[in-house]
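Understanding the architecture of this molecule
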Amino acid sequence: MKHTCIDEQVVKCLQDIYSADPNHKFLVDNTKARSLADPWVIAHALRENAIVVTKEEKVTALNSTKIKIPNVCEKMKVAWINDFQLIEKLKIKFRCEIL
């Protein structure tokens, strides 16, 4: 895994996220205790050509004012999957046994 830090390229990716759609600013909402990290996670994924793993579901309602990680990822052409898809992708197997 590469060492990632907040550098000029990541900051540029973050700026690109916010300039791509005015609604992206609603990804962060301090009044509702939403994570301030979400846009940074997407910016790092954009820079590293990585996949974002999230429990959030894409909002598909046309009249919704909500913005979720998958919506921003799709707009920015960043791949995203949920945690179950990550388990499948990594071929993790669980075993239950009685000792």
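Owing to the predicted nature of the structure, the values given are computational and were not obtained by experimental measurement. One numbering rule holds for all chains: residues counted from 1, following each sequence as written. Given that this is a predicted model, residues contribute local features only at a pLDDT of at least 70 and side-chain atom pairs are listed and counted only at 80 or more, while totals for whole chains, interfaces and linings are drawn from all residues. Side-chain calculation: all heavy atoms of the structure are included, whereas hydrogens and water are not.

Thoughts on the pattern of salt bridges
This is how it is decided: A pair is scored as a salt bridge if a Lys or Arg side-chain nitrogen falls within 4 Å of a carboxyl oxygen belonging to Asp or Glu. Strands are runs of DSSP state E lasting at least two residues, helices are runs of H or I lasting at least four, and both sets are numbered from the N terminus onward. Note on classification: 1.4 Å probe, protein chains only; a residue is buried when its accessible area is under 20% of the maximum for its type, exposed when over 50%, partly exposed between these limits.
Scanning the entire structure with this criterion turns up seven salt bridges. Taking the shortest distance from any N to any O, the salt bridge between Lys-58 and Glu-74 comes out at 2.6 Å. Here Lys-58 is found in the loop between strand 1 (52–53) and helix 3 (69–76), whereas its partner Glu-74 is found in helix 3, with 16 residues between them in sequence. Judged by relative accessible area, which is 36%, Glu-74 ranks as partly exposed.

So, the packing of helix 1 (residues 8–20) against helix 2 (residues 38–48)
How two helices pack is summed up by the angle between their axes together with the distance between the axes. Rules: As a rule, the C-alpha atoms of each element are fitted with a line to give its axis, helices using only the stretch in contact, and angles between N-to-C directions run from 0 to 180 degrees. Roughly parallel here means an angle under 35 degrees, roughly antiparallel means over 145, roughly perpendicular means 65 to 115, and every remaining angle is called oblique. Each crossing is labelled by how the near helix is turned from the far one, with a counterclockwise turn of less than a right angle marking it left-handed and a clockwise turn marking it right-handed. The contact rule is simple, with two residues in contact once any of their heavy atoms fall within 4.5 Å. Under this grouping Gly is polar, as are all residues other than the nonpolar Ala, Val, Leu, Ile, Met, Phe, Trp, Tyr, Cys and Pro and the charged Asp, Glu, Lys and Arg.
Running from amino to carboxyl end, helix 1 crosses helix 2 at an angle of 115 degrees, the nearest separation of the two axes being 8 Å. Classified by the angle their axes make, helix 1 and helix 2 are roughly perpendicular. For the crossing formed where helix 1 meets helix 2, the hand is right-handed. Here Gln-9, Val-10, Val-11, Cys-13, Leu-14, Ile-17 and Tyr-18 of helix 1 lie close against helix 2, whose contacting residues are Pro-39, Trp-40, Ile-42, Ala-43, His-44, Leu-46 and Arg-47. Class assignment of the residues belonging to the contact of helix 1 with helix 2 gives a composition of eleven nonpolar, two polar and one charged.

What about helix 3?
Burial analysis of helix 3 places six of its eight residues in the buried class, which makes it a mostly covered element. Within the sequence span of helix 3, burial applies to Ile-69, Pro-70, Asn-71, Val-72, Cys-73 and Met-76. Check the buried side of helix 3 and you find it contacts helix 1, helix 2, strand 1 and strand 2 (80–81). The positive-phi residue at the C-terminal boundary of helix 3 is Lys-77, with phi of around 60 degrees.

Focus: the layout of surface pockets
This is how it is decided: Here a cavity is any set of points on a 1 Å grid over the protein atoms alone where a 1.4 Å probe fits but cannot get out, and a pocket is any open set with protein on both sides within 12 Å along at least 5 of 7 lines; a residue lines the site when it has an atom within 4 Å of a point. Grid points are joined across faces, edges and corners, and a volume is the space filled by probe spheres set on the points.
What the second largest pocket holds in volume is close to 190 Å³. Considering the residues around the second largest pocket, the lining is formed by Asp-21, Asn-23, Phe-26, Lys-58, Val-59, Thr-60, Ala-61, Ser-64, Thr-65, Lys-66, Ile-67 and Asn-71. Taken together, the residues of the lining of the second largest pocket break down into four nonpolar, five polar and three charged.

What to know about the packing of helix 1 against helix 3
As a packed pair, helix 1 and helix 3 sit with axes 10 Å apart at the nearest point and diverge in direction by 100 degrees. One way to sum up the angle between helix 1 and helix 3 is to call them roughly perpendicular. When helix 1 is examined against helix 3, the residues Asp-16, Ile-17 and Ala-20 are found in contact with a partner set consisting of Val-72, Lys-75 and Met-76. Taken together, the residues that form the contact of helix 1 with helix 3 break down as four nonpolar, no polar and two charged.

Side note on unusual backbone geometry
The phi dihedral of Asn-49 is positive, around 55 degrees, even though this residue is not glycine. Here Asn-49 is to be found in the loop between helix 2 and strand 1. A relative accessible area of 72% means that Asn-49 is categorised as exposed. Here Lys-77, not a glycine, exhibits a phi torsion of approximately 60 degrees, which is positive. Classification of Lys-77 by relative accessible area gives exposed; the value is 76%.

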